[in-house]
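Here is what each chain is made of, one letter per residue.
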Amino acid sequence: MPHFSLVIIGSGSGNNLVPKDRDQGPVALIESGAFGGTCINRGCIPSKMLIQSAEVAAQVRRAPEFGIEAKLTGVDWPAIRDRTFTKTDRHAAAGRRSRAESDAVTLIEGRARFTGPHELAIDDGTRVTADRIVLATGARPVIPPSIAESGVSYHTSDTVMRLDELPASMIIVGGGYIAAELAHLFSSLGVTVRIVTQGDSLLDTFDPEVSGRFTKLARERWDVRLSAEVTGARQRGGQVEVEVTGSPPVAGELLLVAAGRVPDTASLDLDRAGVRLREDGRIEVDEFGRTTAEGIWSLGDASTPYPLKHVANAEARTLSHNLAFPDDLRPYPHKWVPAAVFTAPQIATVGAREQDLSHERPYVEAVQEYADVAYGWALHDTAGFCKLYADAATGTLLGAHIMGDQASLLIQPLIQAAVTGLRLADMARGQYWIHPALTEVVENALLKLGLNHDGG
């Protein structure tokens with residue numbers, strides 16, 4: 001039975017933990033699926049590459065608004081798909097080959113489960129032991145029982161981006177960021193999209209200004225059924241028909257389930273190792289990434305409250321230090337975690353939402369519309385906005401929420417201001433803002449807060 005100093009289960013951000021040499025002892029990396037994890041194979045990167053093609057198609061449709069005669073005459077989905085996955089598959093294969101040929105790590109391909117506190121069995125019969133084990137198994141899609149038990153065929157975000165051809169119509173079950181991004185992708189390429197969600201709005205965990213405005217825009221673009229629970233599904237000819245509460249059945253050529261993701265831990269037999277789970281299914285870890293079992297750690301979507309790739313990478317950097325220097329542990333960096341949704345309009349957020357704030361801690365807020373700055377005029381943008389919350393006493397940022405063109409870029413200086421504790425009055429007037437760049441949306445929102453250089 002091979003023994004390792006360190007075993008890492010999961011080749012996404014867990015791959016970053018492999019030491020560059022063997023000074024820490026023999027290391028094994030276990031992967032049961034495509035090398036590189038969700039982000040490169042079926043998540044962040046391919047979805048954004050596909051969405052870029054969708055953005056081009058959407059821009060062509062808007063060309064007459066700008067005095068340009070243009071028409072979208074067709075969409076070559078196989079070419080769009082292959083442009084994306086030729087790149088990502090090549091990258092994943094190169095990563096696997098690098099690890100397979102490395103002297104610093106033993107690559108084991110298969111699904112692992114615990115047979116004891118520090119003993120693992122692989123589904124090919126291999127057994128290994130380890131002094132330390134890191135669980136970086138990521139997450140998997142949630143399938144509502146009413147769909148899972150119906151017998152109908154369906155796709156998830158893991159599979160839908162590799163379709164052979166585009167359907168004429170699509171039902172999307174879910175109202176979160178995955179549903180919003182994929183609805184934008186496929187509708188921009190000509191697919192009729194119908195969304196069914198239990199929530200009272202789309203993106204209902206976001207600031208209400210964001211979720212409310214986005215839902216209104218989405219209902220103008222897609223058939224959106226809110227507060228609708230899926231009670232059943234069936235195949236009817238060449239279509240899937242989904243039964244929902246409060247409205248007639250919804251039919252479409254393809255069913256996409258985007259109802260959230262849960263940690264992919266069910267097959268690990270964690271109880272045999274003494275690793276506890278939280279009520280929501282995440283592996284329980286402390287601020288340093290340690291589980292409830294000695295010598296077993298976790299990072300990324302398997303345990304984090306922030307299932308985002310940039311968070312998983314940050315946790316991997318921290319855990320790499322903690323494994324090398326056990327007497328100088330560093331906490332996971334979970335303050336000021338930003339996120340973006342690459343839908344239309346694009347959305348970015350960091351810090352407190354309205355529902356997080358209390359009048360016991362006085363705050364001020366401001367909203368700046370894209371339509372009221374010069375570059376917003378150039379974009380013909382009547383929907384975009386920047387909303388800020390600031391501490392009235394200190395003049396520092398509490399939260400920022402942007403919906404509109406390039407939101408994921410515009411929010412970055414606000415993230416920096418939050419992390420550094422920069423007073424927003426100083427941010428607004430202590431530097432130049434290029435005119436008439438879109439960054440004036442942020443500048444004007446800062447000024448509208450009414451803060452001064454003394455704080456409030």
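Everything discussed here concerns the structure shown above.
Residues numbered from 1 in each chain as written. Predicted model: local features only at pLDDT ≥ 70, side-chain atom pairs only at ≥ 80, totals over all residues. Heavy atoms only, no water.

Asker: Is there a simple way to think about the overall build of the protein in this case?
Answerer: Counting its secondary structure elements, the protein contains 12 helices and 21 strands. For 456 residues, the compact-globule estimate of 2.2 N^0.38 gives 23 Å, and the protein sits close to it at 24 Å. Viewed in the frame of its principal axes, the protein has a C-alpha envelope of about 70 × 65 × 40 Å. Counting across all 456 residues of the protein, residues that qualify as buried make up 50%. Relative to all contacts within the protein whose residues are 6 or more apart in sequence, the contacts with residues 24 or more apart total 64%. Only carbon and sulfur atoms are counted for the fraction: they give 50% of the accessible area of the protein, which is about 21,000 Å². (Helix = DSSP H or I, 4+ residues; strand = E, 2+ residues; numbered from the N terminus. Rg over C-alpha atoms; globule rule 2.2 N^0.38 Å. Buried < 20%, exposed > 50% of the residue type's maximum accessible area, 1.4 Å probe, protein only. Contact = heavy atoms within 4.5 Å. Areas by Shrake-Rupley, 256 points an atom, 1.4 Å probe, with all protein chains shown as cover.)

Asker: Explanation requested: unusual backbone geometry in the structure shown.
Answerer: Residues other than glycine predominantly adopt negative phi, and peptide bonds predominantly adopt the trans conformation. For the bond running from Ala 344 to Pro 345, omega is 0°, close enough to zero to count as cis. Note on placement: Pro 345 falls in the loop between β17 (339-341) and β18 (347-351). One non-glycine residue with positive phi stands out, namely Trp 336, at about 60°. Residue placement: Trp 336 occurs in the loop between α7 (309-324) and β17.

Asker: What exactly am I supposed to notice about the packing of helix α2 (residues 44-62) against helix α3 (residues 77-100) here?
Answerer: Working note: a packed helix pair is described by the angle between its axes plus the distance between those axes. The contact between α2 and α3 brings their axes to 10 Å, and the two run at 145°. Where α2 crosses over α3, the handedness of that crossing is right-handed. Listed contacts from α3 to Ile 45, Pro 46, Met 49, Leu 50 and Ser 53 of α2 are Trp 77, Ile 80, Arg 81, Arg 83, Thr 84, Phe 85, Lys 87 and Thr 88. (Axes fitted to C-alpha atoms, helices over the stretch in contact; angles between N-to-C directions. Left-handed = near helix turned anticlockwise from the far one by under 90°.)

Asker: What is the right way to read the packing of aromatic side chains from this model?
Answerer: Each aromatic ring pair is specified by the distance between its two centres and by the angle formed by the two planes. Under the counting rule described, the total for this entry stands at three aromatic pairs. Judged by centre distance (6.4 Å) and plane angle (65°), the ring pair of Phe 214 and Trp 222 falls under edge-to-face. Classification of Phe 214 as buried rests on a relative accessible area of 1%. We note Arg 213 situated over the ring of Phe 385; from NZ or CZ to the ring centre the distance is 4.1 Å. (Phe/Tyr/Trp six-rings, centres within 6.5 Å; stacked < 30°, edge-to-face > 60°. Lys NZ or Arg CZ within 6 Å of the ring centre and 35° of its normal.)

Asker: I tried to follow the sheet that holds strand β12 (residues 239-244) on my own but got confused; where do I start?
Answerer: The three strands lie next to each other as β11-β12-β13, forming an open sheet whose pairing is antiparallel. Pairing within the sheet leaves two strands with one partner each, and these edge strands are β11 (230-236) and β13 (250-252). In this sheet, adjacent strand axes meet at a mean angle of 20° when their direction is disregarded. In the sheet, β11 pairs with β12 via six bridges, with the strands oriented antiparallel. Each residue of the ladder has a partner; that of Gln 235, found in β12, is Val 240. (Pairing = 2+ DSSP bridges.)

Asker: What's the story with the pattern of salt bridges in this structure? I'm lost.
Answerer: For side chains of opposite charge, pairing can occur when their charged atoms come near one another. In this structure the tally under the stated criterion is 26 salt bridges. The shortest N-O distance in the salt bridge between Arg 290 and Asp 286 comes to 2.7 Å. In this structure Arg 290 comes out as partly exposed when scored by relative accessible area, which is 33%. Each of the salt bridges in this network shares a partner with another, and the network as a whole consists of Asp 207, Glu 209, Arg 213, Glu 354, Glu 365, Glu 369 and Lys 387. (Salt bridge = Lys/Arg side-chain N within 4 Å of Asp/Glu carboxyl O.)

Asker: Before we go on, may I ask you to explain the environment of His 184 in this structure?
Answerer: Inspection of the secondary structure puts His 184 in helix α5 (residues 177-188). The sequence separation of His 184 and Asn 41 amounts to 143 residues, and the corresponding C-alpha distance is 20 Å. When sequence neighbours within four positions are dropped, the list of residues in contact with His 184 reads Ile 51, Ala 54, Glu 55, Arg 221, Trp 222, Phe 342, Thr 343 and Ala 344. A distance of 3.2 Å separates a polar atom in the side chain of His 184 from a polar atom in the side chain of Glu 55. (Polar contact = N/O pair within 3.5 Å; in protein donor to acceptor, adjacent residues only side chain to side chain.)

Asker: Where do I start with the pairing of strand β14 (residues 254-257) in this structure?
Answerer: Sheet faces and side chains relate simply in a regular strand, where the side chains alternate between the two faces. Of the two faces of β14, the one holding Leu 254 and Leu 256 and the one holding Leu 255 and Val 257 are both buried throughout. Both strand β8 (residues 169-173) and β14 contribute to a ladder of four bridges, which runs parallel. Note on β14: the bridge partner recorded for Val 173 is Val 257.

Asker: When you look at the nonpolar core in this model, what are you seeing that I'm missing?
Answerer: Ranked by internal contacts, the top residues of the largest apolar core, which has 38 residues, are Val 160, Ile 172, Phe 186 and Phe 214. Looking at this core, the elements that each hand over two or more residues are α2, α3, β8, α5, β9 (192-196), α6 (208-221) and β14. A total of seven residues in this core trace back to one element, the largest contributor, which is α5. Residue contacts for Phe 186: discarding those within four places in its chain leaves Trp 77, Val 160, Leu 163, Leu 166, Met 170 and Val 191. Judged by nonpolar contacts, the second largest core, of 31 residues, contains Ile 411, Ala 428, Val 441 and Leu 449. (Core = buried A, V, L, I, M, F, W, Y, C linked by side-chain atoms within 4.5 Å.)

Asker: Before we go on, may I ask you to explain the sheet that holds strand β20 (residues 385-391) in this structure?
Answerer: The pairing of strands in a sheet comes from backbone hydrogen bonds and takes either a parallel or an antiparallel form. Taken in spatial order, the five strands make up an open sheet running β17-β18-β21-β20-β19, and their pairing is antiparallel. Each edge of the open sheet is held by one strand with a lone partner, namely β17 and β19 (363-369). Pairwise comparison of adjacent strand axes, ignoring direction, gives a mean angle of 10° for this sheet. Here five bridges tie β18 to strand β21 (residues 397-403), and the two strands are oriented antiparallel to one another. Residue Ala 348 lies in a different strand from β21, and its bridge partner there is Ile 402.

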